[in-house]
Amino acid sequence: MDTNIAANTYSELFPKVISHAKEYGFVFQSSEIYDGLQAVYDYGQNGVELRQNLQQAWWLAMTRLHENIVGIEAAIFMHPTTWKASGHVDGFNDPMIDNKDSKKRYRADQLLEEQARQYELSGNTAKATALLAEMNELLKKDDLEGVRNLIMAEKILCPISKTANWTEVRQFNLMFSTKVGSVAEEATEVYLRPETAQGIFVNYLNVQKTGRMKIPFGIAQVGKAFRNEVVARQFIMRMREFTQMEMQFFIKPGTQKEWFEYWKNARRKWHQAIGTPDARLRFHVHDKLAHYADAAEDIEFEFPIGWKEVEGIHSRTDFDLSQHEQFSKKKLRYHDAQTGENFVPYVIETSIGLDRLFLLTLCQAYREEETTDEKGKSETRTYLSLHPALAPIKVAIFPLVKKEPLVEKARQIVDMLKLDMNVFYEESASIGKRYARQDVLGTPFCVTVDFDTIEKEGETVTLRYRDSMKQERVSIADLKEKLLYETSINRILEKLV
Ligand code: ATP
């Protein structure tokens, strides 16, 4: 594992990462001055940069590295029939249950999954497997009474009230709705999209025709999705408003198995390319397939709180396009000019949550290291070991002291670099403090202008590396090229070609 945090402390990392994210301008609670809105978060000045860099690494890997994948940006609002056709109006539900004493609401399936996890932890794997199998069987049959009976039989208690005073289990639709139109009677109910995929499906033919796309081809999209999650917790892991990065790959029916394998491998490779250790990644095969899928696996990451889904790879068959054909009465066929065949394409989907990816990135980059300061006192150095292409700030420029001509020279370096990368300038506080302030943000390089820069030949500055803290003299003339190379997104993309 390429982290210096011992395995036993890795599990303790989660609260540290959360407070780090808040303290250093990565993530804030939404409308915090009003005590926040549950499960809604805002990205701060550093978070927004990291997020955009992650998004770009995904977008370019999809669109620039695949000549048969193009992007779109569909609206959040869609015709309400879209969600009838997709199955979301009738089937996008979570089974929920309330505890009458604590008045807390839970997802019934998650209560049972937690119980199974406890069996697993105490070494009773057979019991855990049997419980999950029984639950899945009941959910498949929509037997909500059976699910409640199982919760009672397992003697599951509410973690807050410690009682088993449960309500019935009810289905709860996760879609948010609102009204469009100015007069109440004329208003139409519309939904905030619960996934970005449908915006791709309804545009499939527009893109195929206008782009003269030949199967196999893909359409990528990044955008907001909204889900009224019954239980939203664990920071930005489960939010009510979040961002998905989805790609739908349209293929010939019958080829779905090989394309499914292709995308599983391609996506795992991408995670490695952005710096995620492979030992903390695994595939999880879905026990219960969604109504549209003939195969589905998740890429899970070992978060400090356990293995969690980050991305789904789904073989969606021709379900979505066929449904839209039926509901819209418009043909969504592909005409193969070579064979003369007309068919509804099959689809392989890759769907990753940008916010979960962001959390993964922080968890795997967070480092605490014991060091000694100049006076020999031991202290903990905290830094984010982010890939330089992902780091919010690429380089910080410091005059050693706030004096001319050092300030002027440092300012000249800022001007030389600022069109090409995100540069930060600071002239107050000790150099050690200024380095430490950049370490916590994950800035990979710091440049210090000192008197040697001015007085000695060759105009050199000190270049300091974040992870190793190594320092070297570099000539100003070489600086831009070196930093551009090291911080370019191409250092990620080149691992994928
Ligand atoms: P989960 O089982 O965790 O609810 P899901 O299987 O419903 O997730 P998908 O519908 O496959 O998720 O969505 C694809 C990706 O979108 C997920 O892998 C996850 O990264 C992200 N995602 C889904 N729901 C949320 C949410 N409420 N908050 C943040 N990200 C989410």
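The rules behind these values
Residues numbered from 1 in each chain as written. Predicted model: local features only at pLDDT ≥ 70, side-chain atom pairs only at ≥ 80, totals over all residues. Heavy atoms only, no water. Helix = DSSP H or I, 4+ residues; strand = E, 2+ residues; numbered from the N terminus. Buried < 20%, exposed > 50% of the residue type's maximum accessible area, 1.4 Å probe, protein only. Contact = heavy atoms within 4.5 Å. Areas by Shrake-Rupley, 256 points an atom, 1.4 Å probe, with all protein chains shown as cover. Lys, Arg positive; Asp, Glu negative; His and termini not counted. Charge placed at Lys NZ, Arg CZ, Asp CG, Glu CD. Pairing = 2+ DSSP bridges. Axes fitted to C-alpha atoms, helices over the stretch in contact; angles between N-to-C directions. Parallel < 35°, antiparallel > 145°, perpendicular 65-115°, else oblique. Nonpolar A, V, L, I, M, F, W, Y, C, P; charged D, E, K, R; others polar. Right-handed = clockwise from strand over helix to strand, strands pointing away. 1 Å grid on protein atoms, 1.4 Å probe; cavity = no way out; pocket = protein on both sides within 12 Å on 5 of 7 lines; lining within 4 Å. Points joined across faces, edges and corners; volume = space filled by probe spheres on them.

What about the overall build of the protein chain?
Across its full length, the protein chain holds 18 helices and 23 strands. Considering only C-alpha atoms, the protein chain reaches an extent of 80 × 65 × 50 Å along its principal axes. The buried share among the 497 residues of the protein chain stands at 52%. Across the protein chain, contacts joining residues at least 24 apart in sequence account for 66% of those joining residues at least 6 apart. Of the roughly 23900 Å² that the protein chain leaves accessible, carbon and sulfur atoms contribute 49%. When the 66 positive and 73 negative side-chain charges of the protein chain are each reduced to one mean point, those points stand 1 Å apart.

Examining the sheet that holds strand 5 (residues 105–107)
A sheet is described by the order of its strands in space; here 3 strands give the open sequence 5-4-6, paired in antiparallel fashion. The open sheet terminates on both sides in strands that have one partner only, identified here as strand 5 and strand 6 (170–173). Here the strands of the sheet are splayed against their neighbours by 50 degrees on average, with no regard to which way each runs. Note: strand 4 (residues 93–98) against strand 5, 3 bridges, orientation antiparallel. Residue pairing in the sheet places D98 in a bridge with R105 of strand 5.

Digging into the packing of helix 3 (residues 47–63) against helix 13 (residues 354–365)
Packing of helix 3 against helix 13 leaves a shortest axis separation of 10 Å and a crossing angle of 110 degrees. Taken together, the axes of helix 3 and helix 13 are roughly perpendicular relative to one another. Between helix 3, through G47, L50, R51, L54 and Q55, and helix 13, the contact on the second element is made entirely by L354, D355, L357, F358, T361 and L362. Its residues assigned to classes, the contact of helix 3 with helix 13 shows 6 nonpolar, 3 polar and 2 charged.

Focus on the pairing of strand 19 (residues 395–399)
Across the 5 residues of strand 19, 5 count as buried, placing the element largely inside the fold. One crossover worth recording links strand 19 to the parallel strand 20 (residues 423–425) by way of helix 14 (residues 406–417), and it is right-handed. By the bridge criterion, 5 bridges tie strand 19 to strand 21 (residues 445–449) in an arrangement that is parallel. Note that in strand 21 the partner of P399 across the bridge is V449.

Some thoughts on the sheet that holds strand 12 (residues 295–303)
Hydrogen bonds between backbone atoms are what pair the strands of a sheet, whose relative direction is either parallel or antiparallel. A sheet is described by the order of its strands in space; here 7 strands give the open sequence 3-9-10-16-13-12-11, paired in mixed fashion. Of all the strands in the sheet, just strand 3 (69–71) and strand 11 (281–285) have a single pairing partner and so form its edges. Ignoring which end each strand starts from, the neighbouring axes of this sheet average 25 degrees apart. As paired strands, strand 13 (residues 306–317) and strand 16 (residues 346–353) are joined by 6 bridges and run antiparallel to one another. Residue pairing for strand 16: G312 is matched across the bridge by S351. Against the sheet, helix 3 touches strand 3, strand 9 (217–226), strand 10 (241–251) and strand 16, its axis set at about 155 degrees to strand 9.

Describing the layout of surface pockets
Considered as a void within the structure, the second largest pocket measures approximately 570 Å³ in volume. Only strand 17 (366–372), strand 18 (378–384) and helix 15 (431–439) provide two or more residues apiece to the lining of the second largest pocket. When residues of the lining of the second largest pocket are assigned to their parent elements, the largest contribution, 6 residues, is made by helix 15. Taken together, the residues of the lining of the second largest pocket sort by class into 5 nonpolar, 7 polar and 8 charged.

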